[in-house]
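Structural overview
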Amino acid sequence: MDREILSALSDWNIWWEIKSVPDDLRGKERLQSNLVSTLKFKEIKVITGVRRSGKSTLLYQLVSSLLSNVNPKAILFINFEDEVLNKYSIEEIYDAYISMFRSKDVYLFLDEVNRKEGWEKWVRKNYDIREIKQFFVTGSSSFLLKSEYSSLLTGRNIKQEIFPLSFREFLDFSNFKIEEPLLLSSRKKSELKGILNKYIEFGGFPEVFFKDTNDKRKLLISYYEDIIYRDIADRHKIQPNKVRELANFLITNLSNTVSNRNIRSHLGLGMETISNYLNWLEDSYLIFQVPFFSYSLKEQQKRPKKTYCIDNGLRNAVSLRFSEDIGRLVENIVFIELKRRGKE
């Protein structure tokens, strides 16, 4: 057992051998990354966001910064999407690691931890006995910030949500610098509009940015399928077809109001099933629903909600509509930017 675990761990912890993080894992630095600043806090860092938004890359960048003054073998990265590692409990994996390296002051990274049942109890126990120096926990579900996880780790965690690239980050990735917006030349304004059109159409997933146009849609569709099948259907043990139909319906109606009754008449689902599916789609960060504003809770619940999507690229790849929806797509960008800034 230990041999199998250590073999899998060595693939994810390549710095044990080469004492550095390869460039392709570290990726491009993001403007809004501040994980290094959280090292001064002992609390558990809980990092969530839609899959492929760059959570793992940010962790690798943090590992790279640690390697300047931390023993490489004291940094343990466990990815629970690895089929071998996912067979074992966190305790079994950690015990195998400790039996090999006898490391002290371990920096522990648990990636996609939402795929491992009971992780929060193990983390709390080991946080309280203070044998591990730092905990970083990531997952593709906002559920990590809710219910029993939050209560179990209350007072012991710092939360951070990671989104796809903001437009400012998209400009940085495009090597487009703006020093004084009011003094942009006509040529620079034209270039800026071209970059904005790409952002509106293809969204802000970091890996998608670097793909050729013909490959962007293929990659976005694969992200969408992974969210539906892995983050929702597999996790909740349901058939994916109906939840996929619901997701398609919602993101095609981006920035429009949609009621549960609309959904029921369109898809033929029961009201309880609709409620469950909507919660799971929101937990996966694929969609967000915003209630009608009213000081009356009853009025809020009675009126249809507006639906937004985590990323325009995902929406456009699935819906095959773009030019006629520019206004709604721009509204979606503004909504996600407000979410990124912690607004409601």
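Each remark here, short or long, concerns the structure printed above.
Cut-off values and rules
- Residues numbered from 1 in each chain as written.
- Predicted model: local features only at pLDDT ≥ 70, side-chain atom pairs only at ≥ 80, totals over all residues.
- Heavy atoms only, no water.
- Helix = DSSP H or I, 4+ residues; strand = E, 2+ residues; numbered from the N terminus.
- Buried < 20%, exposed > 50% of the residue type's maximum accessible area, 1.4 Å probe, protein only.
- Polar contact = N/O pair within 3.5 Å; in protein donor to acceptor, adjacent residues only side chain to side chain.
- Contact = heavy atoms within 4.5 Å.
- Pairing = 2+ DSSP bridges.
- Axes fitted to C-alpha atoms, helices over the stretch in contact; angles between N-to-C directions.
- Core = buried A, V, L, I, M, F, W, Y, C linked by side-chain atoms within 4.5 Å.
- Patch = residues over 30% accessible without salt bridge, like charges linked within 9 Å, V, L, I, M, F, W, Y side chains within 5 Å.
- Areas by Shrake-Rupley, 256 points an atom, 1.4 Å probe, with all protein chains shown as cover.
- Salt bridge = Lys/Arg side-chain N within 4 Å of Asp/Glu carboxyl O.
- 1 Å grid on protein atoms, 1.4 Å probe; cavity = no way out; pocket = protein on both sides within 12 Å on 5 of 7 lines; lining within 4 Å.
- Points joined across faces, edges and corners; volume = space filled by probe spheres on them.
- Nonpolar A, V, L, I, M, F, W, Y, C, P; charged D, E, K, R; others polar.
- Phe/Tyr/Trp six-rings, centres within 6.5 Å; stacked < 30°, edge-to-face > 60°.
- Expected span 1.5 Å × (residues − 1).
- Lys, Arg positive; Asp, Glu negative; His and termini not counted.
- Charge placed at Lys NZ, Arg CZ, Asp CG, Glu CD.

1. Looking at the side chain of asparagine 79
In this fold, asparagine 79 is placed in strand E2 (residues 75-79). A relative accessible area of 7% places asparagine 79 in the buried class. Side chain to side chain, asparagine 79 and aspartate 111 meet in a polar contact 3.5 Å long. When neighbours within four sequence positions are excluded, asparagine 79 is seen to be in contact with Trp12, Leu85, Asp111 and Glu112.

2. Describing the sheet that holds strand E7 (residues 287-290)
Spatially, the 3 strands line up as an open sheet ordered E6-E8-E7, and their pairing is antiparallel. At either end of the open sheet lies a strand with only one pairing partner, and these are strand E6 (257-258) and E7. Both E6 and strand E8 (residues 305-309) contribute to a ladder of 2 bridges, which runs antiparallel. Considered in E8, the bridge of threonine 257 is made with lysine 306. Taken strand by strand, helix H17 (residues 326-340) contacts E7 and E8, and its axis lies near 85° from that of E8.

3. Details of the nonpolar core
Counting 53 residues, the largest nonpolar core has Leu250, Ile263, Leu281, Leu286 and Leu314 as its most contacted members. Contacts of leucine 281, omitting those with residues within four sequence positions, involve Ile228, Ile232, Val243, Leu246, Ala247, Leu250, Leu286 and Ile287. Judged by nonpolar contacts, the second largest core, of 48 residues, contains Tyr60, Val63, Leu66 and Trp122.

4. What to know about a nonpolar patch on the surface
A grouping of Ile326, Val330, Val334 and Leu338 is seen on the molecular surface, where their side chains present a nonpolar patch of about 290 Å² in accessible area. You can see leucine 338 is positioned in helix H17. Given a relative accessible area of 41%, leucine 338 falls into the partly exposed group.

5. Topic: the layout of surface pockets
Estimated volume of the largest pocket: approximately 620 Å³. Around the largest pocket, the lining comprises 31 residues; the ones closest to its centre are Arg52, Gly54, Ser56, Thr57 and Glu207. Of all the secondary structure elements, the ones that give two or more residues to the lining of the largest pocket are helix H3 (23-26), helix H4 (55-66), helix H10 (206-209) and helix H11 (213-236). Considering each element in turn, the lining of the largest pocket owes the most residues, 6 residues, to H4. Across the lining of the largest pocket, the residue classes break down as 9 nonpolar, 9 polar and 13 charged.

6. Considering empty space enclosed by the protein
Applying the stated criterion across every chain yields a total of 4 cavities of 30 Å³ or more. Empty space within the largest cavity amounts to approximately 90 Å³. Together, 13 residues line the largest cavity, and Tyr199, Ile310, Asp311, Ile333 and Ile336 are the ones closest to its centre. Of the residues that constitute the lining of the largest cavity, the class distribution is 6 nonpolar, 4 polar and 3 charged.

7. Describing the sheet that holds strand E4 (residues 132-139)
Taken together, the 5 strands give an open sheet; going across it, the order is E2-E3-E4-E1-E5, and neighbouring strands pair in parallel fashion. Two strands close off the open sheet at either side, each with one partner strand: E2 and strand E5 (157-161). Geometrically, the sheet is characterised by an average inter-axis angle of 15° between neighbouring strands, direction not taken into account. Two strands pair when backbone bridges link them, and E2 and strand E3 (residues 106-111) are joined in this way by 5 bridges, in the parallel orientation.

8. A short note on the packing of aromatic side chains
Enumeration according to the criterion identifies 23 aromatic pairs in this entry. Centroid distance tryptophan 16 to tyrosine 97: 5.9 Å. Interplanar angle 25°. Geometry classified as stacked. Of this pair, tryptophan 16 sits in helix H2 (residues 15-18) while tyrosine 97 is found in helix H5 (residues 90-101), placing the two residues 81 residues apart along the sequence. In this structure tyrosine 97 comes out as buried when scored by relative accessible area, which is 0%. Judged by centre distance (5.0 Å) and plane angle (10°), the rings of phenylalanine 109 and phenylalanine 136 are stacked.

9. Observations regarding helix H12 (residues 240-252)
The first and last C-alpha atoms of H12 sit 18 Å apart over 13 residues, in line with the 18 Å expected at 1.5 Å per residue. Pro240, Val243, Leu246, Ala247, Phe249, Leu250 and Ile251 are the residues of H12 that are buried.

10. A word on the side chain of serine 284
Tracing the backbone shows serine 284 in the loop between helix H14 (271-283) and E7. Residue class for serine 284 comes out buried when judged on its relative accessible area of 2%. When residues no more than four places from it in sequence are discounted, the contact partners of serine 284 are Val50, Ser140, Ile227, Asp231 and Ile232.

11. Regarding the pairing of E8
Where E7 lies against E8, 4 bridges are found, and the strand directions are antiparallel. Counted as the bridge partner of phenylalanine 288 is tyrosine 308 from E8.

12. Remarks on a negative patch on the surface
Together, Asp2, Glu91, Glu92 and Asp95 line one region of the surface with negative charge. Broken down by element, the negative patch gets its largest block of residues, 3 residues, from H5. Positionally, aspartate 95 belongs in helix H5.

13. What to know about the pattern of salt bridges
Per the stated rule, a full pass over the model turns up 22 salt bridges. Between arginine 30 and glutamate 169 there is a salt bridge whose closest N-O contact spans 3.0 Å. Taken together, the residues span a long stretch of sequence, with arginine 30 in the loop between H3 and strand E1 (44-48) and glutamate 169 in helix H8 (residues 167-173) at a distance of 139 residues. Residue arginine 30 is classed as buried on the basis of its relative accessible area of 12%. The buried category is assigned to glutamate 169, whose relative accessible area is 1%. Arginine 341 is paired through a salt bridge with glutamate 337; the nearest N and O atoms lie 2.8 Å apart. Put simply, Arg51, Glu81, Arg115, Arg230 and Asp231 are held in one network by salt bridges that share partners.

Keep in mind these values describe shape, not function.
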